[in-house]
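Here is how the chains run, residue by residue.
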Amino acid sequence: MIFLKSAEEVELIRQSGRLAARALDFAAAELRPGLTTGALDKAIEAFIRDHGAVPATLGYRGYPASSCISINEVVVHGIPGPRVVREGDLVKIDVTTILNGYFGDTARTFCVGEVPARARALAEAAEKAMYLGINEVKPGARLGDIGAAIQNCVEPLGFSVVEYFVGHGVGRQFHEEPSVPHFGKRGTGLRLRAGLVFTIEPMINEGVHTVKLLDDGWTAVTTDGRLSAQFEHTVAVTPEGWEILTLS
């Protein structure tokens, strides 16, 4: 079932989303070579709790951490632990907060120090593709318009869109309908209506689009071992177009 959000609900998601974005700002300031992902996760958890919210991932379907931290070939859902951040890494940090009963979900890719040109180009393409997808959002548009904009941005650059993972509705639940593919054809899929709130979170691979899950049941890596980048915002469909709810 798809839930259209009232103005009051959108405001509550906005408050949670802005806190999630601030948590990413905090994480960016902490991120440095030599830091373990586990230590960074603990710092993110403390920041979220100090601001009156709860990290949504902690305990979600058994997930053991307060954020997802995915480095280089890890596409998504990297479990923080002993892995050490190194100069030249691409680090994806995904944070979801629960504030006053509503979820805010956002992610960014960070370049640690000097990274190879191809890696930086991948991260820049992922961010640009996300914003091109967001720009398609308006009442009457289709979900396929979002996916087509993302796909048409990155594929000419030689990159690929991960199809296994998609965006999702957000509200009083972590994952709601609709599912939001980051690939597709214009004019296809669900027609958007004001009051819809969902994430646009393309995962863009340097090589092939396929992924594999590791034995922990969470960590997804590229099947060819090449890099992956991701950016994510929570977006509301407004009567005029769109609003990003995860701006810091």
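Structural data are supplied above this passage.
Treat the numbers as computed from the prediction; the structure is a model and nothing was measured.

### Looking at the nonpolar core
Link 1 in the chain: By size, the foremost hydrophobic cluster in this structure holds 31 residues, and its most contacted members are Val137, Ile146, Val154, Leu192, Phe198, Ile200 and Ile204.
Link 2 in the chain: For this core, the secondary structure elements donating two or more residues are helix H3 (117-135), helix H4 (143-154), strand E9 (197-200) and strand E14 (233-237).
Link 3 in the chain: When residues in this core are grouped by element, the largest group, eight residues, is from H3.
Link 4 in the chain: In this structure, isoleucine 200 is in contact with Met130, Gly133, Ile134, Val137, Ile146, Ile150, His182, Phe231, Glu232 and His233, ignoring residues within four places of it in sequence.
Link 5 in the chain: Among the nonpolar cores identified, the runner-up in size contains 21 residues, and Ala27, Phe47, Val85 and Phe110 belong to it.

### Comments concerning the sheet that holds strand E11 (residues 211-213)
Link 1 in the chain: Spatially, E3-E12-E11 is the arrangement adopted by the three strands of the open sheet, whose pairing is antiparallel. Lying at the two open borders of the sheet, with one neighbouring strand each, are strand E3 (74-76) and E11. Each strand axis lies, on average, 40 degrees off the axis of its neighbour in the sheet, ignoring direction.
Link 2 in the chain: Direction of pairing for E3 relative to strand E12 (residues 220-222): antiparallel, over a ladder of two bridges. Directly across from valine 76, in E12, lies its bridge partner alanine 220.

### Quick word on the layout of surface pockets
Link 1 in the chain: Its volume calculated, the largest pocket comes out at about 560 Å³.
Link 2 in the chain: Counting only elements with at least two residues in the lining of the largest pocket, the list comes to strand E4 (90-99), strand E7 (167-169) and strand E8 (176-180).
Link 3 in the chain: Top contributing element to the lining of the largest pocket by residue count: E8, with three residues.

### What to know about the packing of H3 against H4
Link 1 in the chain: Relative orientation of the contacting elements H3 and H4 amounts to 150 degrees, with a least axis distance of 8 Å. With respect to each other, H3 and H4 are oriented roughly antiparallel. For the crossing formed where H3 meets H4, the hand is right-handed. Facing H3, whose interface residues are Ala125, Lys128, Ala129, Leu132 and Gly133, H4 presents Ile146, Ala149, Ile150, Cys153 and Val154.
Link 2 in the chain: Considering only residue class, the contact of H3 with H4 consists of eight nonpolar, one polar and one charged.

### A word on the sheet that holds strand E13 (residues 228-230)
Link 1 in the chain: If you trace the three strands from one edge of the open sheet to the other, you get E6-E10-E13, paired in antiparallel fashion. The open sheet is flanked by strand E6 (160-161) and E13, the only strands paired with a single partner.
Link 2 in the chain: Taken together, the three bridges between strand E10 (residues 203-205) and E13 define a ladder with antiparallel strand orientation. Residue isoleucine 204 lies in a different strand from E13, and its bridge partner there is alanine 229.
Link 3 in the chain: Strands in contact with H3 are E10 and E13; relative to E13, the strand with the most contacts, it is inclined by about 35 degrees.

### As for the packing of aromatic side chains
Link 1 in the chain: Under the criterion given, the structure shown has five aromatic pairs.
Link 2 in the chain: Both rings, one in tyrosine 60 and one in phenylalanine 174, keep their centres 4.8 Å apart while their planes meet at 55 degrees; by these two values the pair is tilted. With tyrosine 60 in the loop between strand E1 (54-55) and strand E2 (68-71) and phenylalanine 174 in the loop between E7 and E8, the pair connects residues that are 114 residues apart, well separated along the chain.
Link 3 in the chain: Residue tyrosine 60 is classed as partly exposed on the basis of its relative accessible area, which comes to 23%.
Link 4 in the chain: Both rings, one in phenylalanine 103 and one in phenylalanine 174, keep their centres 5.5 Å apart while their planes meet at 25 degrees; by these two values the pair is stacked. Of the two residues, phenylalanine 103 sits in strand E5 (residues 102-111) while phenylalanine 174 sits in the loop between E7 and E8, which places them 71 residues apart along the sequence. Here phenylalanine 103 matches phenylalanine 174 in class, with each residue buried.
Link 5 in the chain: Taken together, Tyr60, Phe103 and Phe174 form an aromatic cluster joined through their ring pairs.

### Comments concerning the environment of alanine 39
Link 1 in the chain: Topologically, alanine 39 is positioned in helix H2 (residues 37-50).
Link 2 in the chain: Between the alpha carbons of alanine 39 and valine 170 there is a distance of 28 Å; along the sequence they are 131 residues apart.

### Comments concerning unusual backbone geometry
Link 1 in the chain: Residues glutamate 177 and proline 178 are joined by a peptide bond in cis, for which omega reads 5 degrees.
Link 2 in the chain: Mapping proline 178 onto the fold places it in strand E8.
Link 3 in the chain: Of note in this structure, histidine 77 is not a glycine but carries a positive phi near 65 degrees.
Link 4 in the chain: Structurally, histidine 77 can be placed in the loop between E3 and E4.
Link 5 in the chain: Relative accessible area serves as the criterion here: at 23%, histidine 77 is assigned to the partly exposed category.

Parameters and conventions
- Residues numbered from 1 in each chain as written.
- Predicted model: local features only at pLDDT ≥ 70, side-chain atom pairs only at ≥ 80, totals over all residues.
- Heavy atoms only, no water.
- Core = buried A, V, L, I, M, F, W, Y, C linked by side-chain atoms within 4.5 Å.
- Buried < 20%, exposed > 50% of the residue type's maximum accessible area, 1.4 Å probe, protein only.
- Helix = DSSP H or I, 4+ residues; strand = E, 2+ residues; numbered from the N terminus.
- Contact = heavy atoms within 4.5 Å.
- Pairing = 2+ DSSP bridges.
- Axes fitted to C-alpha atoms, helices over the stretch in contact; angles between N-to-C directions.
- 1 Å grid on protein atoms, 1.4 Å probe; cavity = no way out; pocket = protein on both sides within 12 Å on 5 of 7 lines; lining within 4 Å.
- Points joined across faces, edges and corners; volume = space filled by probe spheres on them.
- Parallel < 35°, antiparallel > 145°, perpendicular 65-115°, else oblique.
- Left-handed = near helix turned anticlockwise from the far one by under 90°.
- Nonpolar A, V, L, I, M, F, W, Y, C, P; charged D, E, K, R; others polar.
- Phe/Tyr/Trp six-rings, centres within 6.5 Å; stacked < 30°, edge-to-face > 60°.

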